Amino acid sequence: MGEAEPTPVQVYSCPFRLPPQLELTIENVSENFKKWKRQVEVYLAASGGTDKAKEVQELLLREDKLTLERTIQVCRAYEQSNRQVKELRETTLKVNKIQKSNDKHTKWKKIHSVSQEEEFDEDQWLKAVSAGGKEVTAIMQVNDCDIRFQLDSAADVSTISQRHVRKEQCKPTKVRLNMWNKTNMKPFGEADLTVINPRTNKKHQLRFIVVPNQYTCLLGHETVQKLKLITINDERFIASVSSSDLGDLGTAHLHVDPNVRPKALPCRKIPITLQSLVREELQKLEDRGVLIPITEPTPWVSQMAIGKANGKLRLCIDPQALNIALIREHYRLPVLDDILPQLSKARIFTKLDVKEAFWHVKLNEESSRLTTMITPFGRYRWARLPFGLKVSNEIHQRKLDEAFGDMTGVFSVVDDIIIAGCGANDTEAK
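With the rule as written, the count across this model stands at 4 aromatic pairs. Here the aromatic residues Phe358, Trp359, Trp382 and Phe387 are joined through ring pairs into a cluster of three or more. It is Arg314 that lies over the ring of Phe387; its NZ or CZ is 4.7 Å from the centre.

Let's shift gears to the pattern of salt bridges. What the rule picks out here adds up to 13 salt bridges. Of the charged contacts, one joins Asp192 and Arg207 as a salt bridge, the two residues approaching to 2.7 Å between their closest N and O atoms. Placement of the pair is Asp192 in strand β8 (residues 189-196) and Arg207 in strand β9 (residues 203-211), with a sequence separation of 15 residues. Through salt bridges with shared partners, a single ionic network connects Lys171, Glu190, Asp192 and Arg207.

The next thing to look at is the layout of surface pockets. Size it by volume and the largest pocket reaches roughly 730 Å³. Along the walls of the largest pocket sit 21 residues, with Glu281, Leu313, Arg314, Glu356 and Trp359 positioned nearest its centre. Among the elements that make up the lining of the largest pocket, the one with the highest residue count is helix α5 (residues 272-287) (5 residues). When its residues are assigned to classes, the lining of the largest pocket shows 11 nonpolar, 1 polar and 9 charged.

What follows covers helix α9 (residues 392-404). Given 3.6 residues per turn, any residue in an α-helix points the same way as the ones three and four places further on. The terminal C-alpha atoms of α9 lie 19 Å apart, and with 13 residues this matches the ideal 18 Å at 1.5 Å per residue to within 8%. Along α9, the residues that are buried comprise Ser392, Glu394, Ile395, His396, Gln397, Lys399 and Leu400. As for α9, its buried residues are in contact with β11 (251-252) and β19 (410-413). Following α9 by one or two positions, Gly405 adopts a phi angle in the positive range, close to 60°.

With that settled, the discussion passes to the side chain of Gln397. Structurally, Gln397 is set in helix α9. Using a relative accessible area of 2% as the deciding quantity, one classes Gln397 as buried. Here Ser412 takes part through its side chain, which lies 3.0 Å from a polar atom of the side chain of Gln397. Residues within four places of Gln397 in sequence aside, it is in contact with Tyr331, Arg332, Leu333, Pro334, Ser412, Val413 and Val414.

Take the sheet that holds strand β13 (residues 302-309) next. Here we have 5 strands laid out as an open sheet, ordered β12-β18-β17-β13-β14, and mixed in their pairing. The sheet is open, and its two edges are formed by β12 (291-294) and β14 (312-318), each paired on a single side. Across the sheet, the mean angle separating the axes of adjacent strands is 45° when strand polarity is ignored. The strands touched by α5 are β12, β13, β14, β17 (373-375) and β18 (378-382); relative to β14, the strand with the most contacts, the crossing angle is about 70°.

Another aspect to go through is the pairing of strand β4 (residues 145-151). Where strand β3 (residues 137-142) and β4 come together, 6 bridges link them in antiparallel fashion. Bridging from a neighbouring strand, Gln141 pairs with Asp146 of β4. Between the end of β3 and the start of β4, which pair antiparallel, lie 2 residues, with Asn143 showing a positive phi angle near 55°. Alignment of β4 against strand β10 (residues 218-219), held across 2 bridges, turns out to be parallel. Looking at the pairing, Leu151 lines up with Leu219 of β10.

This part is about empty space enclosed by the protein. The full count for this structure, using the stated rule, is 1 cavity of 30 Å³ or more. In this structure, the largest cavity spans a volume of roughly 40 Å³. His253, Leu254, His255, Leu326, Ile327, Glu329, Val391 and Ile395 are the residues that line the largest cavity. Of the residues belonging to the lining of the largest cavity, the class tally is 5 nonpolar, 2 polar and 1 charged.

Cut-off values and rules
Residues numbered from 1 in each chain as written. Predicted model: local features only at pLDDT ≥ 70, side-chain atom pairs only at ≥ 80, totals over all residues. Heavy atoms only, no water. Phe/Tyr/Trp six-rings, centres within 6.5 Å; stacked < 30°, edge-to-face > 60°. Lys NZ or Arg CZ within 6 Å of the ring centre and 35° of its normal. Salt bridge = Lys/Arg side-chain N within 4 Å of Asp/Glu carboxyl O. Helix = DSSP H or I, 4+ residues; strand = E, 2+ residues; numbered from the N terminus. 1 Å grid on protein atoms, 1.4 Å probe; cavity = no way out; pocket = protein on both sides within 12 Å on 5 of 7 lines; lining within 4 Å. Points joined across faces, edges and corners; volume = space filled by probe spheres on them. Nonpolar A, V, L, I, M, F, W, Y, C, P; charged D, E, K, R; others polar. Expected span 1.5 Å × (residues − 1). Buried < 20%, exposed > 50% of the residue type's maximum accessible area, 1.4 Å probe, protein only. Contact = heavy atoms within 4.5 Å. Polar contact = N/O pair within 3.5 Å; in protein donor to acceptor, adjacent residues only side chain to side chain. Pairing = 2+ DSSP bridges. Axes fitted to C-alpha atoms, helices over the stretch in contact; angles between N-to-C directions.

Here you go:
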């Protein structure tokens, strides 16, 4: 048997110059290889030596005066267009898959808040009425159809899906709907429709905001009262709740060592840029009853300290000299290790933070004069227990313990109050 004939090698003949040989001995080999590879790709594309080269070759043959630079431009444009087409096809496939998935698993969206743009200056976030974890709904007849509406005693307007409204019934509207996720929705329009209550057969003329079909039909607070579906007892509402800005844990008295000579310190200078802010803060503390202006002479005069807490200006007394004279109560301050054994059976916890803790303790007038503080705008005495005194922690802790007494499950550590429910199960703990 004769030997098999070898497969003929396809030889390309073209007027383009062959790419140069790869230079491995001089300069940067990596850069040389990238440049050489690019030249080979351009040569193959121009000569028709690849599968996609015929399309590129047709583009090149259309050029009258073809140069190497123009060839590179054409090849790059071809590659870029291919990438864009590929990305477009992939995006289209993804969109089609998502659309099919949404068609199979359609979910109803709910309008949690509605407001009229013309009448409301700010957004109002409203929650739907619920009972036992279930929505309160009512079936009404609109355009000869039974429609289930959700009753929302906090919504400003009533809404209805587009499919329940005829085209000629819908008219333009300027109402804007504020959604639960802080986005706004422009409805299709509004419609004045006749609503029939199937139980009473009474007819009512109501105005609805027409929304897309995926949103819930909803009856607002005026509508539910007009249809007598919900009764609002206004006389049981709490008109106003008033409370003092600061609490009252009682009055404290500061004890001083009579052998320590009182000191009256001079006023500290403050930067010009802070003077207006300091004046405003002093006025705020005076309005709240924390500071009281004083003009008569006092043996003790401390300086004012200025600090910043959470980006806000904070004023307090600098009691370095006064602290030397103050006598501590030596009241024991509890720590977390003292409380942990009593929380062994606790199942439910609540932690409260006492804001501006020391200011909830009042000072008698004699003690208040000891805390006289000099500022560029006059002298002030502290009517409340100031921060910075070496006795403030002990006095505040004692006052807290006296206020809570022997209450079960209530513990205080500095300015934190822990409320624990103890028991064998959650029912006993509550």
